[in-house]
Amino acid sequence: GQQVMQIPQYQHVQEGEDFTTYCNSSTTLSNIQWYKQRPGGHPVFLIQLVKSGEVKKQKRLTFQFGEAKKNSSLHITATQTTDVGTYFCAAKNLQSRGGSNYKLTFGKGTLLTVNP
Amino acid sequence: DTAVSQTPKYLVTQMGNDKSIKCEQNLGHDTMYWYKQDSKKFLKIMFSYNNKELIINETVPNRFSPKSPDKAHLNLHINSLELGDSAVYFCASSPPPQGRLNYGYTFGSGTRLTVV
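Residues numbered from 1 in each chain as written. Chains lettered and ligands numbered in written order. Predicted model: local features only at pLDDT ≥ 70, side-chain atom pairs only at ≥ 80, totals over all residues. Heavy atoms only, no water.

## Some details on the overall build of chain B
And then number 1: Along the backbone of chain B there are zero helices and eleven strands.
And then number 2: When its helices and strands are written in sequence order, chain B yields β-β-β-β-β-β-β-β-β-β-β.
And then number 3: The C-alpha atoms of chain B give 14 Å as radius of gyration, which agrees with the globular expectation for 116 residues (13 Å, within 12%).
And then number 4: Considering only C-alpha atoms, chain B reaches an extent of 40 × 30 × 30 Å along its principal axes.
And then number 5: Scored against the burial criterion, the 116 residues of chain B give a buried share of 45%.
And then number 6: Residue pairs at least 24 apart in sequence account for 55% of intrachain contacts in chain B once pairs closer than 6 positions are excluded.
And then number 7: Accessible surface, chain B: about 5,700 Å² in total, of which carbon and sulfur atoms supply 49%.
And then number 8: Measuring between centres, the 13 positive side-chain charges of chain B sit 5 Å from its 10 negative side-chain charges. (Helix = DSSP H or I, 4+ residues; strand = E, 2+ residues; numbered from the N terminus. Rg over C-alpha atoms; globule rule 2.2 N^0.38 Å. Buried < 20%, exposed > 50% of the residue type's maximum accessible area, 1.4 Å probe, protein only. Contact = heavy atoms within 4.5 Å. Areas by Shrake-Rupley, 256 points an atom, 1.4 Å probe, with all protein chains shown as cover. Lys, Arg positive; Asp, Glu negative; His and termini not counted. Charge placed at Lys NZ, Arg CZ, Asp CG, Glu CD.)

Following this line, the structure appears as structure tokens:
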């Protein structure tokens, strides 16, 4: 089945440093979503990328979708303690049909911790 | 005004018992999901319903039975609970996919199930 590999598994940074998490797939993706889960909380939808090479920004967060639609990244500039949490990508295979069209496969997440 | 509400938030029960988790959404979404998050934070889809119809049943043991009385509710009943069922169970909802486009999921706050 669909697999989405996310790296790194953990990242610890000093406040003010940048952070990037990457999501890779062996198959072409239809779209990719990013979620943030604070410790003890639930995943919260951040953004969806659909187009090849798409770049979207949300304040200090920059999201990219690769030209081949097989990878994506989330970059945080100048991290703050409020950025702490696990960041997940979730993707759907381009070939998905029928019930699979509803299925997003989540990466294993990157846990970001920030030292103040 | 909680968008996706799950009850109970915590559930501690003995092996062999039967328990239910309830989920309700007031977002008007047609599609609802159950996800299991294990101790390593891996989010795995269990079931998806679209307008009360089962769309995804992801190799989940028969002991797990979802029920959707209407499109705003998706409950999860678990028979003969086992130690390995201990996890956080998240309900989520979204509009149905439109072609290649999926919509972001809104997750409930989760139910932490501990089987002893």
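## A word on the sheet that holds strand S3 (residues 19-25) of chain B
All names here are of chain B.
And then number 1: Spatially, S1-S3-S8-S7 is the arrangement adopted by the four strands of the open sheet, whose pairing is antiparallel. Looking at strand neighbours, the two that pair on one side only are strand S1 (4-7) and strand S7 (64-70), the edges of this open sheet. Across this sheet, the average inter-strand angle for adjacent strands is 15 degrees, counted without regard to direction.
And then number 2: Here S7 pairs with strand S8 (residues 73-78) via five bridges, running antiparallel. Bridging across to S8, Lys67 finds its partner in Asn75. (Pairing = 2+ DSSP bridges. Axes fitted to C-alpha atoms, helices over the stretch in contact; angles between N-to-C directions.)

## Here's the deal with the interface of chain B and chain A
And then number 1: Taken together, the contact between chain B and chain A spans 26 residues of the former and 22 residues of the latter.
And then number 2: Counting across the interface, chain B meets chain A through one salt bridge.
And then number 3: For the salt bridge of Glu58(B) with Lys103(A), the shortest nitrogen-to-oxygen distance reads 2.5 Å.
And then number 4: Linking chain B with chain A are eight residue pairs in polar contact (both at pLDDT 80 or more), by the criterion used here.
And then number 5: Secondary-structure elements contributing two or more residues to the side of chain B that touches chain A are strand S4 (31-37), strand S5 (43-50) and strand S6 (53-57) of chain B.
And then number 6: In terms of residue class, the side of chain B that touches chain A is made up of 14 nonpolar, nine polar and three charged. (Salt bridge = Lys/Arg side-chain N within 4 Å of Asp/Glu carboxyl O. Polar contact = N/O pair within 3.5 Å; in protein donor to acceptor, adjacent residues only side chain to side chain. Nonpolar A, V, L, I, M, F, W, Y, C, P; charged D, E, K, R; others polar.)

## Examining the layout of surface pockets
And then number 1: Its volume calculated, the second largest pocket comes out at about 240 Å³.
And then number 2: Class assignment for the residues of the lining of the second largest pocket results in five nonpolar, eight polar and four charged. (1 Å grid on protein atoms, 1.4 Å probe; cavity = no way out; pocket = protein on both sides within 12 Å on 5 of 7 lines; lining within 4 Å. Points joined across faces, edges and corners; volume = space filled by probe spheres on them.)

## As for the pattern of salt bridges
And then number 1: All chains considered together, the criterion is met by six salt bridges over all chains.
And then number 2: Between Arg60(A) and Asp83(A) there is a salt bridge, with its nearest N and O atoms 2.9 Å apart. Of the two residues, Arg60(A) is situated in the loop between strand S6 (55-58) and strand S7 (61-65) and Asp83(A) in the loop between strand S8 (71-76) and strand S9 (85-93); the sequence distance between them amounts to 23 residues.
And then number 3: The shortest N-O distance in the salt bridge between Asp30(B) and Lys71(B) comes to 2.7 Å. On the criterion of sequence distance, the pair formed by Asp30(B) in the loop between S3 and S4 and Lys71(B) in the loop between S7 and S8 is long-range, its members being 41 residues apart.
And then number 4: Residue class for Asp30(B) comes out partly exposed when judged on its relative accessible area of 23%.
And then number 5: On the basis of relative accessibility, which here comes to 33%, the residue Lys71(B) falls in the partly exposed class.
And then number 6: Ionic contacts of the salt-bridge type, sharing partners, join the residues Arg63(B), Glu82(B) and Asp85(B) into one network.

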